[in-house]
Amino acid sequence: MRSYKIAAVSLLTVSTYGSPLFTTEGGLVEKRQSPGSYYAITGASGGVYPRVEVRDLEKAGGEPWNLFLLAMTEFQAMDQHVIDSWYQIAGIHGMPYYAWDGVEGSNLDGKSAAFLGYCPHNHLLFGTWHRPYLALFEQNLQKVAHSIAAQFPTALQTKYQDAATKIRIPYWDWAKALPTDQPVVPTSMTTEKVSVTFPNGTAAQIDNPLYDYNFHPLDNKEINGTGCPLFTGPGGATGGLPAVCQDNDRTIRAGQTASDHPALNSKLRSILSSQRTLLYNILSQYQTFAQASSAQACDGTAKAGTLENLHNAIHNANFPGHMSPSGATAFDPMFWMHHANVDRQLALHQAIFPGTYIVSCAANTPTYTISIGDQLDASSPLTPFHKNAAGDFWTSNSARNIQDLGYTYPELADSPTNATLVASIKAQYSGPSDVLVTSTKAKRVSERDTTPATKELYLAEINLPSYGLDNGAGGGAPYNVLLFLGDIPSDVRDWQNAESFVGLASTLGAPMLQVDQTTTHTIDLSLALKKAIESGATTEDEALGYLKQHLHYRLGLGDFEIERDQVKGLEVSLISTVVEVAQSDDAFDRWVGGFKEHGLIEG
Ligand SMILES: [Cu+2]
């Protein structure tokens, strides 16, 4: 295990590598081991301010946007040995597999422990664990922002200090309605250079800190050079595909040696509609917190879907880039904006259904500090995140209220009534995916007149073995299950853009784990049903017959097809439920009367 190093100097002097702002070499490091000197995660300070959508932050521009870009740049430039550097914080999630802030792994079977980060996936604590994790990042982003603000001339001090007080991680809403000519990945994340104004007044083009993270000189074996164990091995499901962690010196998206943003955008656009609908179903239909948040079936299966599985698709769309392998994902700046969005979705669920929270459940997936069988509940420590220097850990209980961590989200900022919140979610996620949310009111009223009081909703239920695809290296490879209605193109590269593509279910796998765990994902078939009706189905039975005949599924990842028989236990079936259609804009439809099973989809 490595020793911990912290900077006992001002943040202005810790930058060593490639900072356009500061060039002073930092040097003071000290060991952090004894009780009383743990890293206290408090979140951002100075009040409760909203994390805003990254496009909105950019659009508003001015000091907040300029300061955000400067602070991200400076944060990334920090010496990688420093405990709260970008590198060390990103490294908590997966690689490098070290202890952070003195929190050693428990006595797992040695092989697994060596290849696990702290991050709980397919796990009860998935949602709440990321909360102090993001707060740690945010707290440091703010610390850096304040130190930069202090460099601006007196006339601009108030504005920049105010921007630093209010700085929070912007979220990237990848389920937001967007006209088809707008990319799902905001251009602020995909342009290589960006304009900023330095404290001395100089305007310049700098490397965009939202585009990638540049690994500074480091021991290449820690991350790059590992080959990301999940993809390698002669019997690997993706054919021993070379991994992005081989020898890149910067993070890459959806490619092998360079980011392929057009490919990423096209993948994300193809799932936008199904992701939105799934999100809407999760937020609008009552499920317990454990069901809605986590891929682990702690509390019965999640018929409306889970936020963790919803989030998986964004990681897999980045295959084979750094965002895809969970061991390397947090280095990409995209990770933080993606996970701020996941946290927002979690917070929205909490606000709509305040009465349900973490239950008690045994872990069936280990992490660096959690063994299979460990009993978990809302008071379990979210390791390695200390709440204070004395060494108390954050727990799901202490992380329940986001305001206690110094932030909120636009929808929750003014303590909305339930009706207001419902109306906001409905307006954002229930309409078509290519129409910006504007004046939906008038349209809705006219729709309402013709809306029946109840309807039948069909769903594809996918029971997905989380680690079911052998990666040939003792673990489970990530994979997607893609659902089609109608003909499937012969070339796998055309699959997601095919007219017949309906949606997908994703699992991330894990490099050294093969746990027997199945998670449930659902794909809403309302649009598929529309096609059935257009094709002439006039009765419920005919529509059902059409769906059963024309629904097909395939397995793949990136541009690779995966043979179906490589995953044992995967099942796709057709279910339906009755929906009571809401008669106002501030109420959700309700799924009533349980689910009917209509058999397996085989084709
Ligand atoms: Cu994630």
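Please refer to the structure placed before this passage.
What counts, and at which threshold
- Residues numbered from 1 in each chain as written.
- Predicted model: local features only at pLDDT ≥ 70, side-chain atom pairs only at ≥ 80, totals over all residues.
- Helix = DSSP H or I, 4+ residues; strand = E, 2+ residues; numbered from the N terminus.
- Contact = placed C-beta atoms within 7 Å.
- Pairing = 2+ DSSP bridges.
- Axes fitted to C-alpha atoms, helices over the stretch in contact; angles between N-to-C directions.
- Buried ≥ 20, exposed ≤ 12 C-beta atoms within 10 Å, placed from the backbone.
- Expected span 1.5 Å × (residues − 1).
- Bend = angle between axes of the 7 residues up to and from the residue.

Caption draft 1: Examining the overall build of the protein chain more closely. Across its full length, the protein chain holds 15 helices and 18 strands. Long-range pairs, those at least 24 residues apart, make up 72% of the contacts in the protein chain between residues at least 6 apart in sequence.

Caption draft 2: How the structure looks around the sheet that holds strand β13 (residues 501-507). As summarised here, the arrangement of the four strands in space is β13-β12-β15-β16, forming an open sheet in which the pairing is antiparallel. Looking at strand neighbours, the two that pair on one side only are β13 and β16 (560-562), the edges of this open sheet. For this sheet the average axis-to-axis angle between neighbouring strands, irrespective of direction, equals 35 degrees. Sheet topology places strand β15 (residues 551-557) next to β16; three bridges connect them, and they run antiparallel. Along β16, the bridge assignment pairs Leu-555 with Ile-562.

Caption draft 3: Structural context of the environment of Gly-127. Note on placement: Gly-127 falls in helix α5 (residues 126-149). A residue is classified by how many C-beta atoms lie within 10 Å of it, and Gly-127, with 28 of them, is buried. When the C-alpha positions of Gly-127 and His-339 are compared, they lie 9.6 Å apart, and in sequence the two are 212 residues distant. Ignoring any residue separated from it by four or fewer positions in sequence, one finds Gly-127 in contact with Ser-293, Ser-294, Leu-307 and Leu-346.

Caption draft 4: Examining helix α8 (residues 261-284) more closely. Here α8 spans 32 Å end to end across 24 residues, near enough to the 34 Å set by a 1.5 Å rise per residue. Along its length, α8 reaches its greatest deviation from straightness, about 50 degrees, at Leu-272.

Caption draft 5: Quick look at unusual backbone geometry. With an omega dihedral of 0 degrees, the bond running from Phe-319 to Pro-320 counts as a cis peptide bond. For Pro-320, the location among the structural elements is in the loop between α10 (307-317) and α11 (333-352). A cis amide bond links Thr-383 with the next residue in sequence, Pro-384, at an omega value of 5 degrees. In this fold, Pro-384 is placed in strand β8 (residues 381-386). With phi around 55 degrees, Asp-101 is a residue other than glycine that occupies positive phi space. Along the chain, Asp-101 turns up in the loop between α3 (86-93) and α4 (110-114). Of note, Ser-415 is a non-glycine position whose phi angle comes to about 40 degrees, a positive value. Here Ser-415 shows up in the loop between β10 (407-408) and α12 (418-429).

Caption draft 6: Local environment of the environment of Phe-215. One can find Phe-215 in the loop between β5 (203-207) and α8. Overall, Phe-215 belongs to the partly exposed group, with 18 C-beta atoms counted inside 10 Å. Residues Phe-215 and Arg-250, spaced 35 residues apart in sequence, show a C-alpha to C-alpha distance of 5.5 Å.

Scope: geometric values only; no functional claims are made or implied.
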